Structure formats: C-alpha cells, structure tokens
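Chain by chain, the residues run as shown.
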Amino acid sequence: MTTVPLRVGSPILWRGEKHKITRILNLQYVLCVNQTSGELDKVPVSEIRPFVAKQINTTPKIDLSDLTEKEWETANNRLRIIQNLLDLGPNCTEQDVAETAKKHDTSQATLYRWLKRYRDSGKLSSLINKRRADKGESRLSKEQDKLLDICIQRDFLKLERPNIRQAYDDYLFDCKKASLQPCSLASFTRRVNKIAPQAIALHRYGNKQLIGKHSSSTGKFPGGTFPLDCIQIDHTKPNVILVDDRDRQPIGRPWVTFAIDIYSRVITGFYLSLEAPSATSVALCLTQSICRKEKFLFNIGIDASWPCWGLMRTVHADNGPDFRSKSVDRACHEYSIALNWRPLGRPDYGGHVERLMRTVKTDISNLKGSTFRNPEDRGEYDSEGRAVFTFDEFHKWLTVYITKYYHMRTHSDLNMSPLAKWEEGLFFGDEMPMHGLPDIIEDERRLYLDFLPFKKRTVQRYGITIDNVTYFHPSIARWIGVNAPTDDNKFVVKYELHQIQYIYFLDPDTQEYLEIPRVYRDAPNMTRFELSKIQKHLKRKGVQSIDEQAIILAQRELKEIEESANKETTATRRMRQRKAQAPKAVAHVSPANSTDTSPENSELDDWEVVNAYDDIDLDM
C-alpha cells in the first residue's frame, strides 16, 4: 500500500497493538478500539503506524523510468474509466459497474479487476498490463515509421486542412517513391487520432482556434474546491541577507520553494536552500508536503503543530525546466498526482503562490539584514553589515513563522485562518462532502527516493561511474556486462546532491533500491556542487583525464588555497555554508548511515602520502 487510510473502520497499529478507528475527534486525535482487549483508546495521529496484514503481494513492482508513453496513456485512460466508481467508494453497486462497462464497451470482470488492483496499490502503474516476455517488435520498420510521421506532419497538419483520405493518398505516393511498404488506411487513421487536439487546432486552424477551443476563459483558477485538490508551487528569494556559521560574515540571500494548498491557503511544505532552484528543490518540497511533519519539527527543535500532510490531487507550477524533470514527472504519475503547468500568458493562474511569496517578503522586511523591495526602499540601510541570521536560524524562524503565525492569523480572502479553513474542509464541508483525515504515507523513504533525480547507466567490471566517481558493491556483481530489461539496456541509478559517498541502484528483479557505496570509501566526502567546482577547476588547468585521484588532489589544492587566503570572499563563505547545511535538508528521510560532510569531519579524512618502507629502520 502506498497510503494508510485514516477513516472510521480502518485498522492501525498503536504501541505495537492492532486497533480499529471508531471515531475521528480532530486533527490531533482519533478514538480507537483495541482489537485484543476491546478497550477504547484516545490515540494521537502522530503515533499511528500502518497495520500491514501478512499476505502475498501478487502485484509486480514496476520501474517507472522504463515505462513507455503508450503504457502511461493506457493506465491514465483506465483510471478515467473507473474514476467515477472510485469516487462512489463503498456505495458502488453492481449496477454502477454494469452501466460503466456498457458505456465504455468493456466487461464488468475487467472493471472489477482494475478496481481491485488500483484500490490495493493506490498507484497508477497498477493499471498497466504485465509485459509479455514474447512481445514482438513493431510491424513498421524505423524507416516506415519515420516516413509516416513526416507525411502526417507535412500533409495533414497544415492550414489547408486536407481530410485523412487525401493525406493518406500523398503518403502512398511517398512510400512508392521510397520503395517502402505503406501501412493501411486504418493504421494511418489511428496514428492521426493519437495527435493531441491542441496540436491539430494549432497547425490546422491557427493559434486563435487553439485559444478559443482549448483554453479556459473563466478568469478564475479552475481548482482548489477541497483540501489537497490542488497545490501551487514556486520559488522565490527572501529579502534577507544570511551570515555563515563560523565567522558570521554575509553569504547572500537564500532560495525558498513554497507549496500552498489552494483551498485553505495552508503551506503544505517548503524547502530552504542556498542552491538555485532545481528539480531537487521541487522534489524535496513535494516530499515534505506529502509527509507528516513531526520528525522534521523535532529535528530542528521546534515545538509546534503542523497537521498538514497527504497526497495532493494536482500540482500546479510554472513552465520552468526544474518542474519538467523526468524524475518529478514520473514520481507524480506513480502516486496519481497530476502535474499541470501554468498557461503561457496567464500569470493569474499562479496568483495564490505569488501572493504567498509577496506576503512572506513583506513580513520579512522588518528583520535585520533585510534588503527591502528595491534599492530605493533600502536607501542607506547596510543590509550586509546588519545581517545576523545564519542559515539554520533563518530556517527555524521561517518554520515558526509558518506554523505559529501564518497558519493562525485570519486570511482576508477566507475570513478565517488557513488552518481553520483546512480543518473545515476536512470535517465540516458545506459545498463539498467532508473528506476526513488524509491518508498517510507508509514508506516515506521510498517516496523520497522516487522523487530523486536519476541517471541511466550500465554495470561494468569496475562498477558504476557517475560524475567521474566510481561505485561498486557485490550486490550488483550479477549485472556486470548484462543488459538491463529496458529499451536502452541501462539501469536506473538515483543520486543525492548533498553527498557523493552512496548512490541508489534500482534492482530490476526486486524493484528495490540498493545502496551502493563509493569504491574509494576513505576518500573525503563532498557535495555534488563541490564536485562540480573541482571538475571545472581541473578543466581550467587543462587536465585531460579526470579520475578520482585527480579529484582528491584537486580538493586538497583548493582547500590549501582557501586556507592561505588573507580574506575570504562571500562566495567562499557561501560554499562552506552550502556544504554544512545540505545534509540537514534531508535529515528526516536520510538513512542512518548518511555520511557527515561538515568541514571538521572532512579534515580528518585527508590522506597522507606515504612511501613504501618508510617505517623500516635501515640502520639496524
């Protein structure tokens, strides 16, 4: 199971014993009956653990990165067919299934099978057919397929708007000239029907038709009718200068990624970093949004309540490349999260998160080290000279601001606080039926790994190389020289930005992530942005072949330069602070063996050059 339902009748574990929920009291507590003793207990939501029945899981695990676009399309189509039955929940009757089967020209047995698979797993990939081992190749050769696409683009998608038969006749003529066997008219028509209506409208009718038929003109954001219906996400730079931990000297402004629930305006998650926005920023913000926050709050030492968690239905973002990475896109599809992008030329579609960021910046403007809105407002104020917040201190300040101030004060559009609106939508909805507590994630570590960026690699005799760093473990030895069961014959390898000591290899057989250590385990650890800086340094020096030994020596050289400098620059202090804070961002989801990358620990890992026989006394 991906999620654990928190509803009346749901089985849970509390203090090692099985309970059943009998009543939901509020956001913090539920009333449960002990299945062994029959006693009633008032159970805190933060202490609930999933109850997993011992059963054989017959649903095969699927590699998200290996799925084709056609398989994703098939799964989405099947989900759309059964969505109305899923919405009915326990009220779904045999007549409802029969009517849906008749409407979509399929059998009732098929619908029951899809419903069971989706309810058991909660994942979109469960609706994908198991691949046949004897599946043959496409009937069209590469040359035939390429010519077919060219002819459709040239002869069908044009402003003269020929019909399919006319475009097919042109295709037959081109096939004859190229001495290729043409496909049938039915196959040609099926290929045309796969073209998105938006593309047909644009190329056959023009941009005006595209906007008129396929663009909303309501003037209001079409979503956010209940909690977690739609989450907006975006990045901003707070107007405050931070200082480093060691010397408390300025290191510049940080970046923060916010996720806000449209219905209630609660902040479901955020990610503070010294790095420019990236797919990792998006992934870590979404991971925090989905997970419960008790461990995160405990790690940073804040006694507060942040009862906002759960899988959202839709994530809405702008068109930046950081929101369009394959890892984020596939993970959102896997957890049935629709990823929508803001229409070009429609800034009003991102108004909620934009307003949130303006509100936060306004409230920050009275802090020491503020840069204000612009140089004119700043005047003669010395932002760097008056800066006092370290990264950790500002991270803690921002968390307290969200949990104890922003969530509690009245929002002008809601006429109540965001947290009160969140609770109203869950338990006391007037227009929409109440939804109850959101499901909790059973395996938060797996969720985190699914959202991490990945690379495709083969396993060689020396292991796996990423960014000129080699990794190996005996658990992947059986894949040496073996093609992965994917279209490109490569394996999926996940990696983290805050460390280079481990990568995560997705085993094609078990679909579990294997932690693979670095070959040079005693080499100093570093973050990936440090590694990138070292590699740029080596390239400037003209090093042709960059290996791990060259990286280690270059790291020493850069460290010596830094130590011999009379005065540190802002960039140097910022780099040191980035290295110190990066592991803390994932402390609540990282494994127990995560390596410390603090500067103090790195000094202990420096290697000393030792010549052979130096320890032998030759005068004996």
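Here is what the cut-offs are and how they apply
Residues numbered from 1 in each chain as written. Predicted model: local features only at pLDDT ≥ 70, side-chain atom pairs only at ≥ 80, totals over all residues. Heavy atoms only, no water. Helix = DSSP H or I, 4+ residues; strand = E, 2+ residues; numbered from the N terminus. Buried < 20%, exposed > 50% of the residue type's maximum accessible area, 1.4 Å probe, protein only. Contact = heavy atoms within 4.5 Å. Pairing = 2+ DSSP bridges. Axes fitted to C-alpha atoms, helices over the stretch in contact; angles between N-to-C directions. Salt bridge = Lys/Arg side-chain N within 4 Å of Asp/Glu carboxyl O. Arc of directions from axis to C-beta. Phe/Tyr/Trp six-rings, centres within 6.5 Å; stacked < 30°, edge-to-face > 60°. Lys NZ or Arg CZ within 6 Å of the ring centre and 35° of its normal. Patch = residues over 30% accessible without salt bridge, like charges linked within 9 Å, V, L, I, M, F, W, Y side chains within 5 Å. Areas by Shrake-Rupley, 256 points an atom, 1.4 Å probe, with all protein chains shown as cover. Lys, Arg positive; Asp, Glu negative; His and termini not counted. Charge placed at Lys NZ, Arg CZ, Asp CG, Glu CD. Core = buried A, V, L, I, M, F, W, Y, C linked by side-chain atoms within 4.5 Å.

Student: Describe the side chain of Arg 446, with residues and values.
Tutor: Mapped onto the fold, Arg 446 is located in helix H16 (residues 444–451). The exposure class assigned to Arg 446 is buried, which follows from its relative accessible area of 17%. The contact partners of Arg 446, leaving out residues within four places of it in the chain, are Tyr 335, Leu 506, Gln 511, Glu 512 and Tyr 513.

Student: Report on the sheet that holds strand S15 (residues 454–457), specifying residues and quantitative values.
Tutor: Taking strand neighbours across the sheet as the criterion, the 4 strands line up as S15-S18-S19-S20 in an open arrangement whose pairing is antiparallel. Here the strands that pair on one side only, and so sit at the sheet edges, are S15 and strand S20 (513–517). When strand polarity is set aside, the average angle formed by the axes of neighbouring strands in this sheet is 35 degrees. Pairing analysis gives 5 bridges linking strand S19 (residues 502–506) to S20, with the strands arranged antiparallel. Across the sheet, Ile 503 pairs through a bridge with Ile 516, a residue of S20.

Student: Outline the sheet that holds strand S7 (residues 231–236), supporting the account with residue identities and numerical values.
Tutor: Strand order in the open sheet formed by 5 strands is S11-S10-S7-S12-S13, and the pairing between neighbours is mixed. Strands with a single pairing partner mark the edges of an open sheet, and in this sheet they are strand S11 (267–273) and strand S13 (338–341). The mean inter-strand angle of the sheet, taken between neighbouring strand axes irrespective of direction, is 20 degrees. Note that S7 and strand S10 (residues 255–261) share 6 bridges and pair antiparallel.

Student: Now, about the pattern of salt bridges: what can you tell me, with residues and values included?
Tutor: Any two side chains of opposite charge can pair, so long as their charged atoms come close to each other. Going through the model one piece at a time under the given rule, you end up with 20 salt bridges. Taken together, the shared-partner salt bridges connect Asp 145, Asp 149 and Arg 191 into one network.

Student: Got a sec to walk through helix H2 (residues 94–103)? Specific residues and values, please.
Tutor: Spacing of three or four residues puts side chains on the same side of an α-helix, whose turn is 3.6 residues. Turning to H2, its buried residues number three or more, namely Val 97, Thr 100 and Ala 101. One side of H2 carries all its buried residues, which in axial view fall inside an arc of 100 degrees. Residues of H2 that are exposed and point over 90 degrees away from its buried face: Gln 95, Lys 102 and Lys 103. On its buried face, H2 sits against helix H1 (69–88) and helix H3 (108–121). Where H2 ends, the next residue or the one after it, Asp 105, has phi of about 55 degrees, a positive value.

Student: Please provide a residue-by-residue account of the pairing of strand S14 (residues 437–441), values included.
Tutor: Successive side chains on a regular strand alternate, one facing one side of the sheet and the next facing the other. Of all 5 residues in S14, 5 are buried, a share of seventy percent or more. Taken together, the 3 bridges between strand S1 (residues 3–6) and S14 define a ladder with antiparallel strand orientation. Of the residues in S14, the one forming a bridge with Leu 6 is Leu 437.

Student: Give me the packing of aromatic side chains: which residues, what numbers.
Tutor: Summed over all chains, the structure comprises 14 aromatic pairs. Among the aromatic residues, those joined into a ring-pair cluster are Phe 389, Phe 394, Trp 397, Tyr 401 and Tyr 405. The side chain of Lys 42 reaches across the aromatic face of Tyr 29, ending 4.6 Å from its centre. Directly above the aromatic system of Trp 306 lies the positively charged group of Lys 293, at a separation of 5.2 Å from the ring centroid.

Student: Account for a positive patch on the surface, with residues named and values stated.
Tutor: On the surface, Lys 70, Arg 139, Arg 190 and Lys 194 cluster together to form a positively charged patch. Turning to its location among the elements, Arg 190 is positioned in helix H6 (residues 185–193).

Student: Kindly report on the nonpolar core, identifying the contributing residues and their values.
Tutor: Among soluble globular proteins, nonpolar side chains are generally buried collectively. One finds Leu 6, Phe 258, Phe 270, Phe 394 and Leu 398 to be the most contacted residues of the largest nonpolar core, which totals 85 residues. The element best represented in this core is helix H9 (residues 279–290), accounting for 7 residues. Here Phe 394 is in contact with Pro 238, Val 240, Leu 242, Pro 254, Leu 272, Ile 364, Leu 367 and Phe 389, once residues within four sequence places are set aside. Val 459, Ile 464, Ile 476 and Phe 505 belong to the second largest nonpolar core, which has 23 residues in total.

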